[in-house]
Amino acid sequence: MTHSKRYQHRTIISFFTVLIVFILMAGGVQAGIEPSKVICRVETDRAILPAGDSQNVVLKITLDAPPSPAHIKRPLVNLALVLDQSGSMSGTKIQQAKAAAIEAAIEALTRLGLQDIFSVVVYDTNVHTIVPAQRAGNIQSIINTIQQIRAGGSTALFGGVSQGASEIRKKLESDYVHRIILLSDGLANVGPRMPEDLGRLGAALIKENISVTTVGVGTDYNEDLMTRLAQKSDGNTYFVESGFDLPRIFAAELGDVLNVVAKKVKVTITLSDNVEAINIIGREGRIRENQIEFYMNQLYGDQEKYALVEVNIPKSTSGSRIKIAQVDVTYENPFSRKPEKSTGISYASFSSDSGKVARSTNIEVIREYQLNLNALAQEKAIELSDQGKKKE
Amino acid sequence: MSCLIRERKKSELSDQGKKKEAVQELKQSAARLKQVGSQYNDKELLKEADELEVQADTIEDRGMSPKSRKVLRTESFQMKNQQLSQ
């Protein structure tokens, strides 16, 4: 192993050491009042629509998650770290991360408690569980274990994530927030390795309420595979050019995981008679006759998640008003562990006064619609760029 | 043109994929964002349009590099899923 490879490897180990300390020190606080509920808002791109022929309308279904309550024991976290220790993880690119990771560790020690579950899996040609799922305990022993990781071999990414899920399953029956964080900089080349394979794995894991967050380091990893896995399991995805960014990414991800205020969130949009679903824009969902469904594994405190749907509404007359859709949201309150519900309803009013219609434009809906169309254009650009390219 | 040169040229074009069309897709999207942003005087849309134009120009000049591809893929994902932690 070259000096630079060893250096990069040490940096990765430092990153995970920080993560371990962060999790080990995590814990609950005292019981208290229950948090506020998730609010469901349903808006259209214009509050008043032009009267006349049938037309397409954009619906924005927004879930406003309440802030995480300060005086209630937060949901515990069941976290598996899955680390690529293949030969590709060596190199020069993560040099500065070590110092930054140490700073992050100091911050972590001041924030967290001791009750979460964590595990560490590493993979190269084979898969190894170096820290089986366990509660906070002998931190130094765990850190020592991680520091002994040595890079080399091929990249059994699928097997690594699968093993991480096995560690999660040891506490699957409990009321934890389940999360795998996968860190990789290379191409999967052992076992299933196509984006579709990892997509299927993600889709299977979400059924067990396990989300996978993927962190791609450098420019050699397969972003299609990493985003597909995150997408299908409702995790996050990150691209970092060098290890220097890892502490920031790590802090952001842990910030989300430690801030869950709703779990197993199911959104069902029921369209009124004569209102037809045209398209879902952005977020993955499913259209079934007059119903549209979305699923989110978790909502984070004080954050907004939304879905955009284009619908066609029937002919109208000026001055009339119709109900477009009712949205029913069900989720589990992770504090009370009880099921909760929230409902939103959307109405449309019609006018032949074009000025009135124009003034009723909802810029928030227009903006998010346009930004999501842009996201689709970015994907299309990738597809076009790929077309006709030689297979590497 | 010799057979060897023709083959090499063919290979180079193949490596580039439909770069021109990809750049056009991004520029069209940037133009749409700019038009709607101007119509509603929305700074966020205008800022996004400017950033996308820069991305499109970079790809036009240098091709779809691994970094550009990762940036596009990641940004698209984060937008569609409202991933705030970035």
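All figures in this text were calculated on a predicted structure; none of them were measured in a lab.

### Focus: the overall build of chain A
Of the regular secondary structure elements, chain A holds nine helices and 16 strands. Considering chain A as a whole, with its 392 residues, one finds that 57% of them fall into the buried category. In chain A, of all internal contacts separated by at least 6 residues, the share reaching a separation of at least 24 is 80%. Here chain A displays about 15900 Å² of accessible surface, and carbon together with sulfur accounts for 48% of that area.

### Here we look at helix α4 (residues 66-80) of chain B
Over its 15 residues, α4 of chain B runs 21 Å from end to end, which matches the ideal 21 Å to within 8%, given 1.5 Å per residue. Listed as buried for α4 of chain B are Ser 68, Arg 69, Lys 70, Leu 72, Arg 73, Thr 74, Ser 76, Phe 77, Gln 78 and Lys 80 of chain B. Packing partners of the buried residues in α4 of chain B comprise α6 (223-233), β9 (237-240) and α9 (363-386) of chain A together with α2 (19-39) and α3 (43-62) of chain B. In the segment just after α4 of chain B, Gln 82 of chain B is the residue with positive phi, at about 50°.

### A few points about the sheet that holds strand β12 (residues 286-288) of chain A
Residues and elements named next belong to chain A. Strand order in this open sheet of six strands is β2-β16-β15-β10-β13-β12, and the pairing throughout is mixed. In the strand order of this sheet, the two ends are held by β2 (48-50) and β12, each with one partner. Looking at each pair of strands side by side, their axes are set apart by 25° on average, direction ignored. For β12 and strand β13 (residues 291-300), the ladder comprises three bridges, and the chain directions are antiparallel. Bridged to Ile 287 within β13 is Ile 292.

### Thoughts on the interface of chain B and chain A
Taken together, the contacts link 42 residues of chain B with 51 residues of chain A. Buried area between chain B and chain A, both sides added, is near 4400 Å², and the carbon and sulfur share of it is 55%. Connecting chain B to chain A are nine salt bridges. Residue Glu 223 of chain A is joined to Arg 69 of chain B by a salt bridge in which the shortest nitrogen-to-oxygen separation is 2.8 Å. Breaking the side of chain B that touches chain A down by element, the ones donating at least two residues are α1 (3-16), α2, α3 and α4 of chain B.

Procedures and definitions
- Residues numbered from 1 in each chain as written.
- Chains lettered and ligands numbered in written order.
- Predicted model: local features only at pLDDT ≥ 70, side-chain atom pairs only at ≥ 80, totals over all residues.
- Heavy atoms only, no water.
- Helix = DSSP H or I, 4+ residues; strand = E, 2+ residues; numbered from the N terminus.
- Buried < 20%, exposed > 50% of the residue type's maximum accessible area, 1.4 Å probe, protein only.
- Contact = heavy atoms within 4.5 Å.
- Areas by Shrake-Rupley, 256 points an atom, 1.4 Å probe, with all protein chains shown as cover.
- Expected span 1.5 Å × (residues − 1).
- Pairing = 2+ DSSP bridges.
- Axes fitted to C-alpha atoms, helices over the stretch in contact; angles between N-to-C directions.
- Buried area = accessible area lost by both parts, 1.4 Å probe.
- Salt bridge = Lys/Arg side-chain N within 4 Å of Asp/Glu carboxyl O.

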